[in-house]
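# Observations on the model geometry
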Amino acid sequence: MMAGRLRRFGGMLLPLSVLALVAFIAPDRAADAVGTIGTSLREMILVIPPVFVLLGLLDVWVPRDTLIRYLGPGSGATGTLIAFLLGSVAAGPLYAAFPIAAVLMRKGSSFFNVMVFIGAWSTTKVPMFLFEYAALGGAFALTRLAVNIPAILLIALVLTRGVGPNPGPRTSGDVTPPGAPSG
Amino acid sequence: MFTALFYALAAIGLVASFIADREKTAGALYKAWSAFSGILPEFVMIITASGLILAYLSPDVIAVLIGERSGAVGVLLASLAGSVTLIPGFVAFPLAALLLEKGAGILQIGAFVSALMMVGVVTFSLERKTFGTRVAVTRNVLAWVFSLLVALVLRLVLGGAGAGVALLGGIG
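Here the structure is a predicted model, which is why all the values come from computation and not from measurement.

This next bit is on the overall build of chain A. Along chain A, the regular secondary structure elements total nine helices and zero strands. Starting at the N terminus and ending at the C terminus, chain A contains elements arranged as α-α-α-α-α-α-α-α-α. The buried share of chain A, taken over its 183 residues, is 50%. Of the accessible surface of chain A, which amounts to about 8400 Å², a share of 73% is contributed by carbon and sulfur atoms.

Further remarks concern a nonpolar patch on the surface. All names here are of chain B. Nonpolar side chains collect at one region of the surface, where Val61, Leu65, Val73, Leu76, Leu77 and Leu80 lie side by side and expose about 450 Å² of accessible area between them. Within the residue set of the nonpolar patch, elements represented by two or more residues are α3 (59-65) and α4 (71-84). With four residues, the single largest contributor to the nonpolar patch is α4. Within the element layout of this structure, Leu76 appears in helix α4. On the accessibility criterion, Leu76 (39% relative accessible area) is partly exposed.

This next bit is on the nonpolar core. In this structure, A:Tyr95, A:Trp121, B:Phe43, B:Ile109, B:Phe112 and B:Phe131 are the most contacted members of the largest nonpolar core, which totals 90 residues. Element by element, the count of residues in this core is highest for helix α2 (residues 22-56) of chain B, at eleven residues. In this structure B:Phe43 touches A:Met44, A:Ile48, A:Phe52, A:Tyr95, A:Ala96, B:Phe36 and B:Leu126, once residues within four positions along its chain are discounted. Core analysis: the second largest hydrophobic core is formed by five residues, A:Leu57, A:Val60, B:Ala10 and B:Ala28 among them.

Glancing now at the packing of α2(B) against helix α7 (residues 124-131) of chain B. Residue and element names in this part refer to chain B. Relative orientation of the contacting elements α2 and α7 amounts to 150°, with a least axis distance of 9 Å. Relative to α7, the element α2 lies roughly antiparallel. Here Ile39, Glu42, Phe43, Met45 and Ile46 of α2 come into contact with α7, specifically with Ser125, Leu126 and Lys129. When its residues are assigned to classes, the contact of α2 with α7 shows five nonpolar, one polar and two charged.

Looking now at the pattern of salt bridges. All names here are of chain A. On inspection of all chains with the given rule, the structure shows six salt bridges over all chains. Across the pair Glu132 and Arg144 runs a salt bridge whose closest N-O atoms are separated by 2.6 Å. Linking Glu132 in helix α7 (residues 126-136) with Arg144 in helix α8 (residues 138-163), this pair joins segments that are twelve residues apart in sequence. Like Glu132, the residue Arg144 is buried in the burial classification.

Cut-offs used in this document
Residues numbered from 1 in each chain as written. Chains lettered and ligands numbered in written order. Predicted model: local features only at pLDDT ≥ 70, side-chain atom pairs only at ≥ 80, totals over all residues. Heavy atoms only, no water. Helix = DSSP H or I, 4+ residues; strand = E, 2+ residues; numbered from the N terminus. Buried < 20%, exposed > 50% of the residue type's maximum accessible area, 1.4 Å probe, protein only. Areas by Shrake-Rupley, 256 points an atom, 1.4 Å probe, with all protein chains shown as cover. Patch = residues over 30% accessible without salt bridge, like charges linked within 9 Å, V, L, I, M, F, W, Y side chains within 5 Å. Salt bridge = Lys/Arg side-chain N within 4 Å of Asp/Glu carboxyl O. Core = buried A, V, L, I, M, F, W, Y, C linked by side-chain atoms within 4.5 Å. Contact = heavy atoms within 4.5 Å. Axes fitted to C-alpha atoms, helices over the stretch in contact; angles between N-to-C directions. Parallel < 35°, antiparallel > 145°, perpendicular 65-115°, else oblique. Nonpolar A, V, L, I, M, F, W, Y, C, P; charged D, E, K, R; others polar.

Structural data, given as structure tokens:
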């Protein structure tokens, strides 16, 4: 347990020690980096809590059967639409989507729909689109959207057909231990 | 605004859940916490790494790399820069607008923004843990290819707004 914990936090040591090194060689750069890190941490702390609370509620309240009905292999185009909308109304950076994807997979969502969800989360989020429209103009934002929607479906299709779901034991266990007392 | 909506949703959900079943609600909160604390090290790693990368890939550097006349090479560089950086959403588009102001080309910005959103080099280890190596690699490679395609389509749609933005001209 102790060793596992060390290994888990060990990943943080590399970038942190690089940061310390940069602070020595180029303090200005390090200051820049710390500023950006601060902004990102603020985003994480502000945006992420409700996402994880909703994830917990989803995990506890939505029965596996229900999730399979709406997002499972037999859910068809409706399921894909639901996955698309779920991803698009999401808030938060892409890395917050992975634990949710893990819960969806564990509860029986089809792999294709999980990939659509990830794709939508990454590019077609509604608030992001509004930002994009305002900052870069309608032609730019709409063109990107028009390319992205088929791209998301195509990527999900290729990943499902060509690469396969890869439902290894790591799939769900690593990111959200179902009930393991890790705290 | 969307964040507020999410807080409201989570709050309503929690209250409803608490009224319906206290134990389940406690379970949900426990799961929320364990999921969060489980990937917190990865989050911190991702955020620190991207902060460092951005300290060196400043807007000025990016704008020079992907200037209007940088052509296909600029598009390629833009998509690579977008792949290795991770920027909070509310910063990304103001940054893109700033880059345009500093002289970046619109096609290059299209590739940059697309790669920024879909391709995640710093988030790769977390993605691999969730989906496995093959899926994570394939998804990122495909997303990267699409970031280049976006630039091509933008060129077709926005047209030859000027000789400088000629992506294909850059190739030929």
